[in-house]
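A look at the structure
In case you want the letters, here they are:
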Amino acid sequence: MSDAAFTPVHRLLQLGPLPPGLQREAASRYVLEPLWTQPEPARFLAEQQGAFDGAIMMSRHGCSASVIECLAAAPRPGVVACFGVGYDGIDLAAARRHGVQVSTTPDVLTDCVADTALGLMLACARQLVAAHRHVQEGAWLQGPFPLATRVSGKRVGIVGLGRIGQAIARRAGGFDMPVRYHGRSARAGVPYEFEPDLHALARWADFLVLACPGGPQTRHLVSADVLQALGPEGYLINIARGSVVDEDALVEAIQDGRIAGAGLDVYADEPRVPAGLLGTDRVVTLPHVAASTRETRHAMEQLVLDNLAAFFATGKVLTPPA
């Protein structure tokens, strides 16, 4: 087969830096144009209307209506291939209006994100990070580590019983933890009790675990009142989106002892974390790594490439937003 067979024929807007493996593979198959390095991105998009067949991005980059409109001006409206399951930063209304396809990478990251949620529950209640530091800093020589809180048998309230929420619930069952959930409506065929009132779920739960989508509909869903309902023996676990939590209210709840603690992998303004959530053993902070394993990263990268290939072959992506 000649080298000409491998000549890229599709041009993609690259909306931000990509993981190295995905960057390498995408660049070998497509012509990539990095939008974020343009001195005037808006002007560039206006001048390049219809010049691209699609866009490639990570969830954190976001995809505005102006990008959608640029892709829609092509002879065939293009595709936005997103590395990540979150799509709250993508203007889906504009995509629907202009006939631009959107893909995300669901399912392949479910297990690792659910594992991380359980890890945060254990780390918070059992004070594993502080206990590790107790040994590493030589404090054990001066005395034993304080008692922590049991995890097995405690009550888990899950906000959002989608793929990840259900995976968390299954894992909680392995710890003999009763599970209830909250969402827009009850889900058929699940063995867990639906709680339509988020405040009531917070009052019931020992761990309130957030696994819902981000976006305007869930912004600050966990308010000061919800944290008050969770109470001084309850823990907040967030592997969803930082925007779901009123972080100012969370800082106050932590500082005032109105909740027992929090385990966080996501924040409203990443990578900036509110100062009030740092420097305390009552908060375990991760740098948005719930899906960051070698196995999951590879599967997500492959799904991005598979979605692009499917679109260019059939006009349809494999995994549109749920």
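As annotated in an unreviewed UniProt entry, the protein chain carries the name D-isomer specific 2-hydroxyacid dehydrogenase and is attributed to Bordetella petrii. The record held by UniProt for the protein chain lists under Sequence similarities (unreviewed entry) the comment "Belongs to the D-isomer specific 2-hydroxyacid dehydrogenase family."

Attention now moves to the pattern of salt bridges. Within the structure shown, the criterion is met by 14 salt bridges. A salt bridge links arginine 171 to aspartate 115; the shortest N-O distance between them is 2.7 Å. With arginine 171 in helix 7 (residues 163–173) and aspartate 115 in helix 5 (residues 110–125), the pair connects residues that are 56 residues apart, well separated along the chain. The exposure class of arginine 171 is partly exposed, given its relative accessible area of 22%. Between aspartate 256 and arginine 258 there is a salt bridge, with the nearest N and O atoms lying 3.5 Å from each other. Several salt bridges converge on common partners, so that one network encompasses Glu40, Arg43 and Glu47.

Moving on to the sheet that holds strand 4 (residues 79–83). Taken in spatial order, the five strands of this open sheet run 2-1-3-4-5, and their pairing is parallel. Two strands bound the open sheet, and with one partner strand each, they are strand 2 (31–34) and strand 5 (101–103). If you compare each strand with its neighbour and ignore which way they point, the axes differ by 20 degrees on average. Pairing of strand 1 (residues 11–14) with strand 2, which is carried by four bridges, proceeds in the parallel orientation. Note on strand 2: the bridge partner recorded for leucine 13 is glutamate 33. Strands in contact with helix 11 (residues 294–314) are strand 1, strand 3 (54–58), strand 4 and strand 5; relative to strand 4, the strand with the most contacts, it is inclined by about 170 degrees.

Let us now look at the pairing of strand 7 (residues 179–182). Summarising the sheet, strand 6 (residues 156–159) and strand 7 pair through four bridges and their orientation is parallel. Considered in strand 7, the bridge of glycine 157 is made with arginine 180. Note: strand 7 against strand 8 (residues 193–194), two bridges, orientation parallel. Along strand 8, the bridge assignment pairs tyrosine 181 with phenylalanine 194.

With that settled, consider the packing of aromatic side chains. Within this structure, the stated rule accounts for five aromatic pairs. Seen in terms of ring centroids, tyrosine 30 and phenylalanine 312 are 5.7 Å apart; in terms of plane orientation they differ by 45 degrees. Their pairing is tilted. Of this pair, tyrosine 30 sits in the loop between helix 1 (20–29) and strand 2 while phenylalanine 312 sits in helix 11, placing them 282 residues apart in sequence. With respect to burial, tyrosine 30 and phenylalanine 312 carry one shared label: buried. Three or more aromatic residues link up through ring pairs in this structure, and these residues are Tyr30, Phe311 and Phe312.

Of the two faces of strand 11 (residues 261–264), the one holding Gly261 and Gly263 and the one holding Ala262 and Leu264 are both buried throughout. Examined bridge by bridge, strand 10 (residues 235–238) and strand 11 share four bridges and lie parallel to one another. Looking at the pairing, tyrosine 235 lines up with glycine 261 of strand 11. Read from strand 10 through helix 10 (residues 247–255) to strand 11, the crossover connection turns out right-handed. Note that strand 11 and strand 12 (residues 283–285) share three bridges and pair parallel. Looking at strand 12, one finds that glycine 263 is bridged to valine 284.

Here proline 320 shows up in the segment after helix 11. Placed 214 residues apart in sequence, proline 320 and proline 106 show a C-alpha to C-alpha distance of 9.0 Å. With residues up to four places along the chain from it excluded, the contact list for proline 320 reads Val102, Ser103 and Thr104.

Rules used in this analysis
Residues numbered from 1 in each chain as written. Predicted model: local features only at pLDDT ≥ 70, side-chain atom pairs only at ≥ 80, totals over all residues. Heavy atoms only, no water. UniProt positions renumbered as here; feature names shortened; annotations may be inferred. Salt bridge = Lys/Arg side-chain N within 4 Å of Asp/Glu carboxyl O. Helix = DSSP H or I, 4+ residues; strand = E, 2+ residues; numbered from the N terminus. Buried < 20%, exposed > 50% of the residue type's maximum accessible area, 1.4 Å probe, protein only. Pairing = 2+ DSSP bridges. Axes fitted to C-alpha atoms, helices over the stretch in contact; angles between N-to-C directions. Contact = heavy atoms within 4.5 Å. Phe/Tyr/Trp six-rings, centres within 6.5 Å; stacked < 30°, edge-to-face > 60°. Right-handed = clockwise from strand over helix to strand, strands pointing away.

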